[in-house]
Amino acid sequence: MNLPNKLTVLRMVLVPFFVLALLWPFPHHYLVALILFGAASYTDHLDGKLARKNNQITDFGKFMDPLADKILVISALVCFVSLGLCDVWLVLLIIAREFMVTSVRLVAAGKGKVIAANNWGKLKTVSQIVAICVILFTQYLQELGSLGVLPWISEETAVLFWCIGEIFLAAATLFSVLSGLIYLRQNWELVRTAK
């Protein structure tokens, strides 16, 4: 297994640690979750860059890299719903898009084709990562306020932080749906001829 593929696997291995840090309310857990999420997200950038630079693009990487992204992002979003940090309908739209795209990829794999992520898919992933980081960061600020470290942050700012997170997540949802529709249109012939 080459280094880019090992980084993809590492991203999946980091997911349970990220989820544990996010859901287990120890002091500064949002900061720990943000660091773990940021590290896992950076492996996505790094594995693609190394694979292209060293000509190590593999079918495993083409399939597992987007899957690892989905596992990381969906884990974060489901945890956010559980914690009341975002609206469930935004998360459901993102998950529905991911299931649709994965289904198209499975149909293509059944026909011996591997479909790599396109630029719209990459934009979708970046927007989701940014939204998740913003939500984690604002929750950490809120936690610092509750600990008395940042006295200007109060319970009232929780509403503001929630709205900021919703704006970023709504933008990520828009990019997710748009990229899913483009992906479906580009691969419609595969879907139409599926048995």
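Read on for a plain summary of the structure. (Residues numbered from 1 in each chain as written. Predicted model: local features only at pLDDT ≥ 70, side-chain atom pairs only at ≥ 80, totals over all residues. Heavy atoms only, no water.)

**As for the overall build of the protein**
Turning to step 1, where the next piece is worked out: Counting its secondary structure elements, the protein contains seven helices and zero strands.
Turning to step 2, where the next piece is worked out: Ordered by position from the N terminus, the helices and strands of the protein form the series α-α-α-α-α-α-α.
Turning to step 3, where the next piece is worked out: Here the C-alpha coordinates of the protein stretch approximately 60 × 35 × 25 Å along the principal axes.
Turning to step 4, where the next piece is worked out: At a minimum sequence separation of 6, the contacts of the protein that also span at least 24 residues come to 79%.
Turning to step 5, where the next piece is worked out: Summed over its atoms, the accessible surface of the protein is roughly 10300 Å², and 72% of this surface lies on carbon and sulfur atoms. (Helix = DSSP H or I, 4+ residues; strand = E, 2+ residues; numbered from the N terminus. Contact = heavy atoms within 4.5 Å. Areas by Shrake-Rupley, 256 points an atom, 1.4 Å probe, with all protein chains shown as cover.)

**Re the environment of Ser-103**
Turning to step 1, where the next piece is worked out: The residue Ser-103 is located in helix α4 (residues 88-110) in this model.
Turning to step 2, where the next piece is worked out: With 88 residues separating them along the chain, Ser-103 and Val-191 place their C-alpha atoms 9.1 Å apart.

**A look at the packing of aromatic side chains**
Turning to step 1, where the next piece is worked out: Per the counting criterion, the structure on display carries two aromatic pairs.
Turning to step 2, where the next piece is worked out: Taking the centre distance of 5.4 Å and the plane angle of 45° together, the rings of Phe-18 and Phe-37 count as tilted. Taken as a pair, Phe-18 in helix α1 (residues 3-23) and Phe-37 in helix α2 (residues 29-53) lie far apart in primary sequence, 19 residues in all. Residue Phe-18 shares its accessibility class with Phe-37, and that shared class is buried.
Turning to step 3, where the next piece is worked out: Between Trp-24 and Phe-26, the ring centres sit 5.3 Å apart and the planes meet at 65°, which makes this aromatic pair edge-to-face. (Phe/Tyr/Trp six-rings, centres within 6.5 Å; stacked < 30°, edge-to-face > 60°. Buried < 20%, exposed > 50% of the residue type's maximum accessible area, 1.4 Å probe, protein only.)

**Here's the deal with unusual backbone geometry**
Turning to step 1, where the next piece is worked out: For His-28, which is not glycine, the phi dihedral falls at a positive 70°.
Turning to step 2, where the next piece is worked out: Examined against the element boundaries, His-28 turns out to sit in the loop between α1 and α2.

**A short note on the state of the cysteines**
Turning to step 1, where the next piece is worked out: Enumeration according to the criterion identifies zero disulfides in this entry.
Turning to step 2, where the next piece is worked out: The thiol of Cys-86 is not disulfide-bonded; the next cysteine sulfur, from Cys-79, is found 10 Å away.
Turning to step 3, where the next piece is worked out: Here Cys-86 falls in the buried class, since its relative accessible area comes to 7%. (Disulfide = S-S within 2.5 Å.)

Honestly, that's just the spatial picture; any functional story needs more than this.
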